[in-house]
Amino acid sequence: MRFSVVAFLVIYLTASTASDYCYDEGQCDPYAWGDSYPTCHPLLEAHHSPINLEDGVTRDEALEALELKGFDSVQKGQWRLHNDGHSVILEVGRGMMVSGGGLPGTYITLQLHFHWGSLATNGSEHTIHTQRFPMEMHIVNMKSNYPNLTSAMEDPSGLAVLAVFMDVNYTENTNFTPIIKALSAVPHRGQSTNVKPFALANLLPLDHMGLYYRYHGSLTTPPCSQVVEWTVYEVPVQISRSQYEQFATELFSTEEEEEDVLLQNNFRHVHPTFSRVVYASREAQLLAATACPAAAPCSGLLLLSLLPLLLGNLDPRS
Ligand SMILES: *[C@@H]1O[C@H](CO)[C@@H](O)[C@H](O)[C@H]1NC(C)=O
Ligand SMILES: *[C@@H]1O[C@H](CO)[C@@H](O)[C@H](O)[C@H]1NC(C)=O
Ligand SMILES: *[C@@H]1O[C@H](CO)[C@@H](O)[C@H](O)[C@H]1NC(C)=O
Ligand SMILES: [Zn+2]
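Residues numbered from 1 in each chain as written. Chains lettered and ligands numbered in written order. Predicted model: local features only at pLDDT ≥ 70, side-chain atom pairs only at ≥ 80, totals over all residues. Heavy atoms only, no water.

Novice: Could you give an account of the site of ligand 2, with specific residues and numbers?
Specialist: In the vicinity of ligand 2, the contacting residues are Pro147, Asn148, Thr150 and Ser151. Taken by itself ligand 2 offers 360 Å² of open surface, and the protein chains cover 29% of this. Its residues placed into classes, the shell around ligand 2 shows one nonpolar, three polar and no charged. (Near = heavy atom within 4 Å. Areas by Shrake-Rupley, 256 points an atom, 1.4 Å probe, with all protein chains shown as cover. Nonpolar A, V, L, I, M, F, W, Y, C, P; charged D, E, K, R; others polar.)

Below, the structure written as structure tokens:
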């Protein structure tokens, strides 16, 4: 009897490991997720994430800065930081809401987590001009009329994720200290620790909140559900190299009693946009087809681009 319970446990644990996902090369790398999670297969015309962002995205003048409720204040209670073997996740209670900026509803903020590379590689999920930033932060929000993620994930716009690139410079960014200090308490998969709430706005590119890109996509981890309204901010936040290294070298994808495997390069490959439209916010500057910086209003640019025609130069190469 005891033996069969043990045998069952061994089979169960083996099976659950086999169907779990990871970022290592071989059988469990992101390209192979579809074998265990059919909804992760990047079929033709599927709306998967992340994507590469390129020049020429469509301007939508109605996309203004999102309304972030509660992000400025310090929430009551305790937040919880958790290493799930794929990332570190900060669960932030239920006091914050996201709306506006063209989102189809009001969303309640659930958690944020990070994607990173290694000492030698950058690890953002989205890319700009195929370039990866060192890190990317995802703030995950669920449409507020749903009681839980399971039901929100039946709605194609059930989730709204705010993506913030993180770049590295020489200055320590103390706004990230509460999270980075807590990393040492959750080095292994399955570990959690309390984090005293702080104003979440501190982690955002506050001077550039009107500059972003919007598209419809998926979760970037299994089950890869195509239920996400993505907001990808154009301007990264900055942390120091040593802060970056604490993500890249002090966290493990393995449990305490297992042999250590560093948790690194936890990003999914980029997917084709297919016929999806990527929108630029009203103020986005980098990639919009009709970017009109204040210094060079659109009417002026239009006139300049028409000049060869007006002058009768019909050379198609011009
Ligand atoms: C990685 O990030 C650094 C720092 O932002 C940047 O200078 C470099 O070009 C990036 N490398 C790649 C291969 O994208
Ligand atoms: C999620 O909410 C739905 C609808 O109220 C409910 O039927 C379901 O049991 C809930 N699922 C979980 C995992 O709580
Ligand atoms: C480096 O990051 C700090 C902290 O976010 C920021 O204040 C500073 O402007 C950045 N420096 C450069 C050169 O980007
Ligand atoms: Zn993510």
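Having seen the structure, we can now continue with the description.
Novice: How would you explain helix α5 (residues 241-249) if you had to name every residue and give the values?
Specialist: Along α5, the residues classified as buried are Gln243, Tyr244, Phe247 and Ala248. Along α5, the residues classed as buried sweep out an arc of 135 degrees about the axis, all on the same side. Where α5 is buried, its residues touch β5 (88-91), β7 (107-116), β10 (135-143), β11 (159-169), α4 (177-183) and β15 (237-240). (Buried < 20%, exposed > 50% of the residue type's maximum accessible area, 1.4 Å probe, protein only. Helix = DSSP H or I, 4+ residues; strand = E, 2+ residues; numbered from the N terminus. Arc of directions from axis to C-beta. Contact = heavy atoms within 4.5 Å.)

Novice: Give a description of the environment of Asp60 that names residues and reports values.
Specialist: Position of Asp60 relative to the elements: it lies in the loop between β2 (58-59) and β3 (67-69). Here Asp60 falls in the partly exposed class, since its relative accessible area comes to 25%. Between the C-alpha atom of Asp60 and that of Val278, which follows or precedes it by 218 residues, the distance is 9.7 Å. With residues up to four places along the chain from it excluded, the contact list for Asp60 reads Tyr279, Ala280, Ser281 and Arg282.

Novice: How would you summarise the sheet that holds strand β1 (residues 52-53) if you had to cite specific residues and measurements?
Specialist: Judged by pairing direction, the sheet is mixed, and its three strands sit side by side in the order β1-β8-β9 without closing on themselves. In the strand order of this sheet, the two ends are held by β1 and β9 (131-132), each with one partner. Summarising the sheet, β1 and strand β8 (residues 127-128) pair through two bridges and their orientation is parallel. Counted as the bridge partner of Asn52 is Thr127 from β8. (Pairing = 2+ DSSP bridges.)

Novice: I'd like to hear about the site of ligand 1, residue by residue, with values.
Specialist: If you check the shell around ligand 1, you find Asn122, Gln131, Arg132, Pro134 and Asp167 and nothing else. A distance of 3.2 Å is found between an oxygen atom of ligand 1 and a side-chain nitrogen or oxygen belonging to Gln131. For ligand 1, an oxygen atom lies 3.3 Å from a polar atom in the backbone of Arg132. Surface burial for ligand 1 is 45%, taken as the share of its 360 Å² of free accessible area covered by protein chains. (Polar contact = N/O pair within 3.5 Å; in protein donor to acceptor, adjacent residues only side chain to side chain.)

Novice: Any details on a negative patch on the surface? Residues and values, ideally.
Specialist: A cluster of acidic residues, Glu255, Glu256, Glu257 and Glu258, forms a negative patch at the surface. Positionally, Glu255 belongs in the loop between α5 and β16 (279-280). (Patch = residues over 30% accessible without salt bridge, like charges linked within 9 Å, V, L, I, M, F, W, Y side chains within 5 Å. Salt bridge = Lys/Arg side-chain N within 4 Å of Asp/Glu carboxyl O. Lys, Arg positive; Asp, Glu negative; His and termini not counted. Charge placed at Lys NZ, Arg CZ, Asp CG, Glu CD.)

Novice: Got a sec to walk through the side chain of His126? Specific residues and values, please.
Specialist: Tracing the sequence through the fold places His126 in the loop between β7 and β8. On the basis of relative accessible area, His126 is assigned to the buried category, the value being 0%. In this view, His126 contacts Pro50, Ile51, Glu136, Ala163, Phe165, Tyr215, Trp230 and Val232; residues no more than four positions away in its chain are not counted.

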